[in-house]
Amino acid sequence: MQSTLTSTEFNFPGQQSLYHGKVRDVYDINGDTLVMVATDRISAFDVVLPKGIPFKGQVLNQIAAYFLDATADAVPNWKLATPDPMVTIGHKCEGFRVEMIIRGYLTGSAWREYKAGARSLCGVPLPDGMRENQKFDTPIITPTTKAEAGHDENISRDEIIAQGIVSREHYEVMEQYTRRLFEIGTRMAAEKGLILVDTKYEFGLLDGKVILIDEIHTPDSSRYFYADGYQQRFEAGEPQRQLSKEFVRQWLIENGFMGRPGEVVPEMTDDICNSISQRYIELYEHVTGQKFVPADSSDLAARIERNIAAALK
């Protein structure tokens, strides 16, 4: 199996802190610049799985960079440079502790809740009689709180504002940007024969202005269906052909793991890891329309450290 990068411990001039997220390692440089390394770690059900996925970090970082550049005229974002296939450097922002999830279709966790009887999601009323993978008349926004540890929690727009998590003024801008980004992402996906089903965005403040931060439209934050055959499969009640991380979740569920106490992650064989890698590469090529070119992975850490150091000079 190809080598993978599952952790970094670099030390750069001006470095103030290092944060290990579920997937990314984030370096704070001089309190105003972030270096975000997309590792090959993979998470599901808020659990980081024990093995890395070859080229996953490169796929995530390059998809995010592609869409950050493509949407920069519509919504301001944090990106400054991508000095390495697995690295983005950008402005440090004061992040809001809310993730803006927008759904164009009833699927995934929303469908599981609906099927169990829920007719409201994050304060958004849902009509009776909907079916799995059905398109909403208008995309719905279902925010979650960003938890320091454990599971993110669903929350409504009104609760966010009432609790002072985000001011009304800033939340309205986040809502506007979320819909704008989803509209652009939907159009770009359609051009590639895909349906952008749902996704999440994160925002922060830079000099008092709301801007987009973190990744965008990657398989870790988004779900895509193939447009071809969607309607026939929907009408027949068949599963949709997906490009997303949902196949990883399904594999875990089938093997008795949903992140609950006492559950054990099933064995991740090289074949499993390589098959997940191939799905990520397939998604990259579909959503960008570009051929994936694997970067040299003979000494990932040394390459990344060298490229970041050169960019920070």
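For every chain, the first residue of the written sequence is number 1, and numbering continues from 1 onward in sequence order. Two thresholds apply to this predicted model, a pLDDT of at least 70 for residue-level local features and 80 or more for giving and counting side-chain atom pairs, whereas whole-chain, interface and lining totals are computed over all residues. Hydrogens and waters are ignored; side-chain quantities use all the structure's heavy atoms.

Draft legend 1. Spatial organisation of the overall build of the protein chain. Only runs of H or I of at least four residues qualify as helices and only runs of E of at least two qualify as strands under DSSP, and these elements are numbered from the N terminus. In terms of helices and strands, the protein chain carries 8 helices and 17 strands. When we talk radius of gyration, it's over C-alpha atoms, and the globule rule is simply 2.2 Å times the number of residues to the 0.38. Compactness check: the protein chain gives a C-alpha radius of gyration of 19 Å against a globular reference of 20 Å for 313 residues, within 12% of the reference. The C-alpha extent of the protein chain, read off along each of the three principal axes, is 60 × 50 × 45 Å. Residues classed as buried in the protein chain amount to 50% of the 313 residues present. Throughout, a contact is declared for two residues whenever any of their heavy atoms are within 4.5 Å. A separation of at least 24 residues holds for 63% of the contacts in the protein chain among residues at least 6 apart in sequence. Accessible surface, the protein chain as shown: approximately 14500 Å² in total, 48% of it carbon and sulfur. We score Asp and Glu as negative and Lys and Arg as positive, and we do not count His or the chain ends. Charge positions come from single atoms, namely NZ of Lys, CZ of Arg, CG of Asp or CD of Glu. Separation between the mean location of the 34 positive side-chain charges and that of the 45 negative ones in the protein chain comes to 2 Å. Accessibility here uses a 1.4 Å probe with only protein chains present; expressed as a share of the type maximum, an area under 20% marks a residue as buried, one over 50% as exposed, and anything in between as partly exposed. A 1.4 Å probe and the Shrake-Rupley method give the accessible areas. Residues count as covered only by the protein chains that appear here.

Draft legend 2. The arrangement of helix 6 (residues 246-254) in detail. Every buried residue of helix 6 is accounted for by E246, V248, W251 and L252. Where helix 6 is buried, its residues meet strand 4 (43-44), helix 2 (108-115), strand 16 (222-226), strand 17 (242-244) and helix 7 (270-288). Just downstream of helix 6 lies G256, where phi reads positive at about 80°.

Draft legend 3. Just the packing of aromatic side chains, in detail. Working definition: rings of Phe, Tyr and Trp (its six-membered ring) pair if their centres are within 6.5 Å, and the pair is stacked with planes under 30 degrees apart, edge-to-face with planes over 60 apart, and tilted otherwise. Evaluation of the coordinates by the stated rule reveals 12 aromatic pairs. Consider the rings of Y105 and F225, whose centres lie 6.2 Å apart with planes at 65°: the pair is edge-to-face. Taken together, the positions of Y105 in strand 8 (residues 94-106) and F225 in strand 16 put the pair 120 residues apart, joining distant regions of the chain. By relative accessible area, which is 0% here, F225 ends up buried. Seen from their ring centres, W111 and Y114 are 6.0 Å apart, and the 25° between their planes marks the pair as stacked. Taken as a pair, W111 and Y114 lie in helix 2 at a separation of 3 residues, close to a single helical turn. For Y114, a relative accessible area of 3% gives the class buried. Among the aromatic residues, those joined into a cluster by ring pairs are Y105, F225, Y230 and F234.

Draft legend 4. Just the nonpolar core, in detail. In this structure, F203 and Y224 are the most contacted members of the largest nonpolar core, which totals 61 residues. Among the elements that line this core, the one with the most residues is helix 4 (residues 168-191), at 8 residues. When neighbours within four sequence positions are excluded, F203 is seen to be in contact with G95, F96, M100, M174, Y177, T178, L181, V210, I211, L212 and I213. Definition of nonpolar core: a set of buried residues of the types Ala, Val, Leu, Ile, Met, Phe, Trp, Tyr and Cys, connected through side-chain atoms within 4.5 Å. Core analysis: the next-biggest nonpolar cluster, separate from the first, contains 13 residues, F10, Y27, V87 and I304 among them.

Draft legend 5. Looking closely at the environment of V287. Along the chain, V287 falls in helix 7. By relative accessible area, V287 is classed as buried at 3%. A C-alpha to C-alpha distance of 8.9 Å links V287 and G193, two positions 94 residues apart in sequence. Among all residues touching V287, those that are not within four sequence positions of it are I63, Y66, F67, K192, L194 and Y224.

Draft legend 6. Quick look at the pairing of strand 6 (residues 79-84). Pairing between strand 6 and strand 7 (residues 87-91): 3 bridges, direction antiparallel. Across the sheet, D84 pairs through a bridge with V87, a residue of strand 7. The criterion for strand pairing is that DSSP finds at least two bridges linking the strands in question. Hairpin connection, strand 6 to strand 7: the antiparallel pair is bridged by 2 residues.

Draft legend 7. Spotlight on the environment of G229. The topology assignment puts G229 in the loop between strand 16 and helix 5 (230-236). Distance in space between the C-alpha atoms of G229 and H91 is 41 Å, their sequence separation being 138 residues.

Draft legend 8. Highlighting helix 4. By definition here, a helix of n residues has an expected span of 1.5 Å times n minus one. The terminal C-alpha atoms of helix 4, which comprises 24 residues, lie 35 Å apart, in line with the 34 Å expected from a rise of 1.5 Å per residue. All buried positions along helix 4 are accounted for by H170, Y171, M174, E175, Y177, T178, L181, F182, I184, G185, M188 and A189. Just beyond helix 4, the residue with positive phi is G193, at close to 75°.

Draft legend 9. Layout of the packing of helix 1 (residues 56-71) against helix 7. At a minimum axis distance of 9 Å, the contact between helix 1 and helix 7 shows a crossing angle of 15°. What the angle tells us is that helix 1 and helix 7 run roughly parallel. Between helix 1 and helix 7 lies a crossing of left-handed hand. Here K56, V59, L60, Q62, I63, Y66 and F67 of helix 1 come into contact with helix 7, specifically with Y280, I281, L283, Y284, V287 and T288. Asp, Glu, Lys and Arg are counted as charged, while Ala, Val, Leu, Ile, Met, Phe, Trp, Tyr, Cys and Pro are counted as nonpolar; the rest, among them Gly, fall into the polar class. A breakdown of the residues in the contact of helix 1 with helix 7 according to their chemical character gives 10 nonpolar, 2 polar and 1 charged. Each axis is a line fitted through C-alpha atoms, and for a helix only the stretch in contact is used; angles between axes span 0 to 180 degrees, taken between their N-to-C directions. Just so you know how the angles are binned, under 35 degrees is roughly parallel, over 145 roughly antiparallel, 65 to 115 roughly perpendicular, and the rest oblique. Helix crossings are classified by the rotation of the near helix relative to the far one: an anticlockwise turn of less than a right angle makes the crossing left-handed, while a clockwise turn makes it right-handed.

Draft legend 10. Fine view of the environment of G185. Following the sequence through the fold, G185 ends up in helix 4. Considered as a pair, G185 and H217 are 32 residues apart in the sequence and their alpha carbons are 7.2 Å apart. With residues up to four places along the chain from it excluded, the contact list for G185 reads L196 and H217.

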